[in-house]
Amino acid sequence: MSLQDAAWTITLVGIGLIAAGFIHVILQAGKPADAEATRKSTHTAHVLRRWLFGVLLVAFFGGSYATLHTFPIPPQHTPLGIKQVVNVVGQQWSWDLKPDKVRAGSPVEFLVTASDVNHGFAIYAPDGRIATQTQAMPGFTNKLVHTFTEPGTYTVMCLEYCGIGHAPMTAEFSVVAAGGD
Ligand SMILES: [Cu+2]
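These remarks concern the structure in this document.

Calculation notes
Each residue is numbered by its place in its chain's sequence as written, counting from 1. A pLDDT threshold of at least 70 governs which residues receive local features in this predicted model, and a stricter bar of 80 or more applies before side-chain atom pairs are shown or counted, although totals over entire chains, interfaces and linings include all residues. Here the side-chain values reflect all heavy atoms present in the structure, with hydrogen atoms and water set aside. Only N, O and S atoms count as donors, using a 2.8 Å cut-off from the metal and 3.2 Å for Na, K and Ca, and because water is excluded some sites may appear unfinished. The rule is simple: put a 1 Å grid over the protein atoms alone, call a set of points where a 1.4 Å probe fits but cannot get out a cavity, call an open set with protein on both sides within 12 Å along at least five of seven lines a pocket, and count a residue as lining if it has an atom within 4 Å of a point. Grid points are joined across faces, edges and corners, and a volume is the space filled by probe spheres set on the points. Secondary structure is summarised from DSSP: a helix means a run of H or I of at least four residues, a strand means a run of E of at least two, and numbering begins at the N terminus for each. Any residue that is not Ala, Val, Leu, Ile, Met, Phe, Trp, Tyr, Cys, Pro, Asp, Glu, Lys or Arg is counted as polar, Gly included; the first ten are nonpolar and the last four charged.

## Observations concerning the coordination of the copper ion
Around a metal, the perfect tetrahedron of four donors has angles of 109.5 degrees, and the perfect octahedron of six donors has angles of 90 or 180 degrees. Distances from the copper ion to its protein donors, Cys158 (SG), Glu160 (O), Cys162 (SG) and His166 (ND1), fall within 1.9 to 2.4 Å. Written as a sequence motif, the donor arrangement for the copper ion is C-x1-E-x1-C-x3-H.

## Quick look at the layout of surface pockets
Over the atoms, a rolled probe matching the size of one water molecule traces out where space is still vacant. If you add up the space inside the largest pocket, you get close to 290 Å³. Looking at the largest pocket, the residues that line it are Gly21, His24, Val25, Gln28, Lys31, Pro32, Ala33, Asp34, Ala37, Thr38 and Ser41. Elements that contribute at least two residues to the lining of the largest pocket include exactly helix 1 (3–29) and helix 2 (35–68). The greatest single-element share of the lining of the largest pocket, amounting to four residues, is contributed by helix 1. Residue composition of the lining of the largest pocket, by class: four nonpolar, five polar and two charged. Reported here for the second largest pocket is a volume of approximately 170 Å³. Pro72, Ile73, Pro74, Gln76, Gln133, Thr134, Asn142, Lys143 and Leu144 are the residues that line the second largest pocket.

Worth remembering: the numbers are spatial, not functional.
This is the structure:
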């Protein structure tokens, strides 16, 4: 099952559960209340609420830990001591990368800025997936660290609409195998 199919299935099941809830309420609406049933349903509601709270708590902390325990943004104000450094400047409507060739297998530090307006600096792997991305902002230098595992020709595209030439605002750079040149 693809991710999209999974999302679609979860959506349908969710819609179904909500619809079932509504139908249940409508069917119950005309019946006379009796004290015992009211007490029971209040109790059930409390139990369900406690479980929901617990599940949300676990999902929140579990999700936060799973996605952030290796924090994706490197320290911005301390030297990182990374040997491969690429200076990136975005401008309407091109990218300037110096150098435009890096080595796979060891980290690359991109120092990303812009000379005019905000741009989105995104690196696309040869298979078309985004490898990594950050903002390119005038007056700021954002550090982005990425270790390429696959050699090949990577494409830079702008992810923030920046004017009439935004769509063709691309650049290419090559990642060579570790140890090669
Ligand atoms: Cu743009």
